[in-house]
Amino acid sequence: MVYQNLANIKEDKEYWDKYIKFHELYWDGPNASQNVFYGNEYEEYRNSLSKYLEIEPDQIKDCLFTKHENGDYYLTPLGVDSDKYIMESENSIPAQWFLMFESKEKKFFYSHAGDGAIQPDGIYYNTDCALSKKRLKSAKDILESISNESIPKEFDIFHKELLFGISEMYYWIEKFPDDSMVVLNYAEISSVIHEFTLKNENSVSDLWMIVQNLSKKDFESANSSLKIYKQKWDEITKNCSNVKPTAAPEELSNDTMQ
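Let us look at the structure shown here. Just so it is clear, the model here is predicted, and its values are computed rather than measured. (Residues numbered from 1 in each chain as written. Predicted model: local features only at pLDDT ≥ 70, side-chain atom pairs only at ≥ 80, totals over all residues. Heavy atoms only, no water.)

1. Let's talk about the pattern of salt bridges
- Scanning all chains against the criterion turns up 12 salt bridges.
- Between Lys 13 and Asp 17 there is a salt bridge, with the nearest N and O atoms lying 3.4 Å from each other. Taken together, the positions of Lys 13 and Asp 17, both in helix α1 (residues 13-27) and 4 residues apart, correspond to about one turn of that helix.
- Note that Glu 144 is salt-bridged to Lys 140, the shortest N-O span being 2.8 Å. With Glu 144 and Lys 140 both in helix α4 (residues 129-144) and 4 residues apart, this pair spans about one turn of that helix.
- Of the residues examined, Lys 140 reaches a relative accessible area of 25% and is grouped as partly exposed.
- Bridged by salt links that share partners, the residues Glu 102, Lys 104, Glu 105 and Arg 135 form one connected network. (Salt bridge = Lys/Arg side-chain N within 4 Å of Asp/Glu carboxyl O. Helix = DSSP H or I, 4+ residues; strand = E, 2+ residues; numbered from the N terminus. Buried < 20%, exposed > 50% of the residue type's maximum accessible area, 1.4 Å probe, protein only.)

2. Notes on the pairing of strand β7 (residues 181-185)
- In terms of residue burial, β7 counts as a mostly covered element, since 4 of its 5 residues are buried.
- Inspection of the sheet shows strand β1 (residues 2-5) paired to β7 by 2 bridges, in the antiparallel sense. Paired with Tyr 3 across the bridge in β7 is Met 181. (Pairing = 2+ DSSP bridges.)

3. Concerning the packing of aromatic side chains
- One pass over the full model with this rule turns up 18 aromatic pairs.
- On the basis of an interplanar angle of 75° and a centroid distance of 5.6 Å, the ring pair of Trp 16 and Tyr 19 is categorised as edge-to-face. A residue pair is termed a helical-turn pair when its members lie 3 or 4 positions apart in one helix, as Trp 16 and Tyr 19 do in helix α1 at 3 residues.
- Taking the centre distance of 6.1 Å and the plane angle of 45° together, the rings of Phe 155 and Phe 219 count as tilted. Residue Phe 155 is found in helix α5 (residues 153-173), and its partner Phe 219 is found in helix α7 (residues 219-242); the two are separated by 64 residues along the sequence. In terms of burial, Phe 155 and Phe 219 fall into one category: buried.
- Pairwise contacts between aromatic rings join Phe 22, Tyr 26, Trp 27, Tyr 45 and Tyr 52 into one cluster.
- Note that Lys 61 overlies the ring of Tyr 15, its terminal NZ or CZ placed 5.5 Å from the centroid.
- One Lys or Arg, Lys 199, reaches over the ring of Phe 108 and ends 5.8 Å from the middle of that ring. (Phe/Tyr/Trp six-rings, centres within 6.5 Å; stacked < 30°, edge-to-face > 60°. Lys NZ or Arg CZ within 6 Å of the ring centre and 35° of its normal.)

4. Here we look at the pairing of β1
- As paired strands, β1 and strand β4 (residues 73-77) are joined by 2 bridges and run antiparallel to one another. The residue bridging Asn 5 from the neighbouring strand is Tyr 74, located in β4.

5. Here's the deal with unusual backbone geometry
- Non-glycine residue Asp 12 carries a positive phi angle of around 60°.
- For Asp 12, a relative accessible area of 30% puts it in the partly exposed group.
- At Glu 54, a position not held by glycine, the phi torsion is positive, near 60°.
- For Glu 54, the position within the fold is in the loop between α2 (41-53) and β3 (63-67).

6. A short note on the nonpolar core
- Core analysis: the biggest nonpolar cluster contains 57 residues, and Phe 98, Leu 99, Tyr 186 and Leu 214 have the highest contact counts within it.
- For this core, the secondary-structure elements that each account for two or more residues are β1, α3 (95-98), β6 (117-128), α4, α5, β7, α6 (203-215) and α7.
- The greatest single-element share of this core, amounting to 8 residues, is contributed by α5.
- Core analysis: the next-biggest nonpolar cluster, separate from the first, contains 15 residues, Leu 6, Ile 9, Tyr 19 and Phe 65 among them. (Core = buried A, V, L, I, M, F, W, Y, C linked by side-chain atoms within 4.5 Å.)

Below is the structure:
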C-alpha cells in the first residue's frame, strides 16, 4: 500500500483536508485498515460525515490516512481507483514485496492479552518510497549479474520469477513521489502465525540473505535458506487456505470497505 503526502495531491485536496479533519475529530485518530466498527457506528459516522461535507452519503469518497512523525498527513484513496495505490495477495506474500524493506523497519500491531498484558497480533513494515525503489533496483542488479549458466537448476525458476516480480513492483512504484510511504501489512496472514513465533517471522531478512548469497555464488547457503523460506510460506499458505471467516455480522472493518 502506498500513502501519498497530502501536500503532493492536487485532485480533491480541499475535500481530503475536510475529510481528515472531520475523521480525527469524530474518532480521535487516523483511519487505519485495522479499524473496526460495531453495530450502527459506521452508518452513524457516514451520516455525520455527509452533513459535514454537505454531500449525499453515496457521494463520499473514502481514504486510509495516517499522520507522519514530521506532522504531514499521508493518504491512500479507496474505491474504484484504489488498485493504483493498493496491491493485494491472497493467503501469501510475494517474495519481491519483502525486498522493498529492511528488517529494522518491521513493526507490530498489539492487542490486550488479559491481566494488563499485551501481545503482538499483526506485522507491518513501512518505509519511504525512495528507499523501496533503491532496494528493488539493488536486488534486480544483483540477480541480473548472475549468468544463467552458473545458476543451479533448483534456483532457475525462483531466479526468473523473482526477477520478473521485482520488475513488476518497480514499474508500479516508480510513478509515486519519493517522499510517499510504502506499507506492507500482513493483515489476516498474521492470524495463522502463532503468537509465540510472530516476532520471529522475518521474511524480509530471509529474502535479502538469499539474494546476498546468490550474489556471492554461495549456492549451498542460498539453497538451505530458500528451502526454509519456502517451507515456512507453504505452511502459512496452507493454514490460510483452511481458515474460515469468523467475523461477526455486526462488525465492519476498512478491509471490508475496500
